[in-house]
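# Structural overview for review
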Amino acid sequence: MSEAGQLQDYSVDQAAGAIVLVLGAVASLLLVVWQSKCHCKVNLCYIFQCERRPPSEDEIKGLKDNAKDLKDKAKQKQQAKQNKKPTPTPTPTPTPSPRIPGGEPEPEPEPEPISSSWRTL
């Protein structure tokens, strides 16, 4: 029987999976905090310190103007592409199918019979 408080033996891939899950949970929590509109400070063991402040009204207006300019440029590019005339590609002329003088199409060839033993191939 195992003693209380002692971990069982785990394989390397199980330990790696547990580490990835924990790091993913921490990263997603930090992402939510970072994308929030609140004022926050992040202090990671006094090694990494970061402060986030929401953008001011002037910054928001500037960002909206930049987004509008980018949309206008994209629309102009689309209109320029539409105004260009595509070069016409020559259409291939269909070749007539071989016909028997009676006016009916040539019959399909009959398939070869399947051999009863597939090992004779």
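Please read all numbers here as calculations on a predicted model, not as lab measurements.

### A closer look at the overall build of the protein
When its secondary structure is counted, the protein shows two helices and two strands. Going from N to C terminus, the protein has its helices and strands arranged as α-β-β-α. When burial is assessed residue by residue, the protein has 2% of its 121 residues classed as buried. Of the roughly 12,700 Å² that the protein leaves accessible, carbon and sulfur atoms contribute 60%.

### Observations regarding a nonpolar patch on the surface
A cluster of nonpolar side chains, contributed by Val22, Val26 and Leu30, occupies part of the molecular surface with about 260 Å² of accessible area. Mapped onto the elements, Leu30 comes out in helix α1 (residues 12-35). Relative accessible area serves as the criterion here: at 46%, Leu30 is assigned to the partly exposed category.

### Concerning the environment of Val33
Tracing the sequence through the fold places Val33 in helix α1. Counting along the chain gives 19 residues from Val33 to Arg52, while the straight-line C-alpha distance between them is 9.4 Å.

### Things to note about a positive patch on the surface
A grouping of Lys73, Lys77, Lys81 and Lys84 is seen on the molecular surface, where their side chains present a positively charged patch. With respect to the element layout, Lys73 can be found in helix α2 (residues 57-83). Taking the relative accessible area as the measure of exposure, Lys73 reaches 52% and is therefore exposed.

### What to know about α2
Since the α-helix packs 3.6 residues into each turn, any two residues three or four apart lie on the same face. With 27 residues, α2 should reach 39 Å at 1.5 Å per residue; the first-to-last C-alpha distance of 39 Å fits that figure. Burial runs low along α2: only zero of the 27 residues are buried.

Parameters and conventions
- Residues numbered from 1 in each chain as written.
- Predicted model: local features only at pLDDT ≥ 70, side-chain atom pairs only at ≥ 80, totals over all residues.
- Heavy atoms only, no water.
- Helix = DSSP H or I, 4+ residues; strand = E, 2+ residues; numbered from the N terminus.
- Buried < 20%, exposed > 50% of the residue type's maximum accessible area, 1.4 Å probe, protein only.
- Areas by Shrake-Rupley, 256 points an atom, 1.4 Å probe, with all protein chains shown as cover.
- Patch = residues over 30% accessible without salt bridge, like charges linked within 9 Å, V, L, I, M, F, W, Y side chains within 5 Å.
- Salt bridge = Lys/Arg side-chain N within 4 Å of Asp/Glu carboxyl O.
- Lys, Arg positive; Asp, Glu negative; His and termini not counted.
- Charge placed at Lys NZ, Arg CZ, Asp CG, Glu CD.
- Expected span 1.5 Å × (residues − 1).

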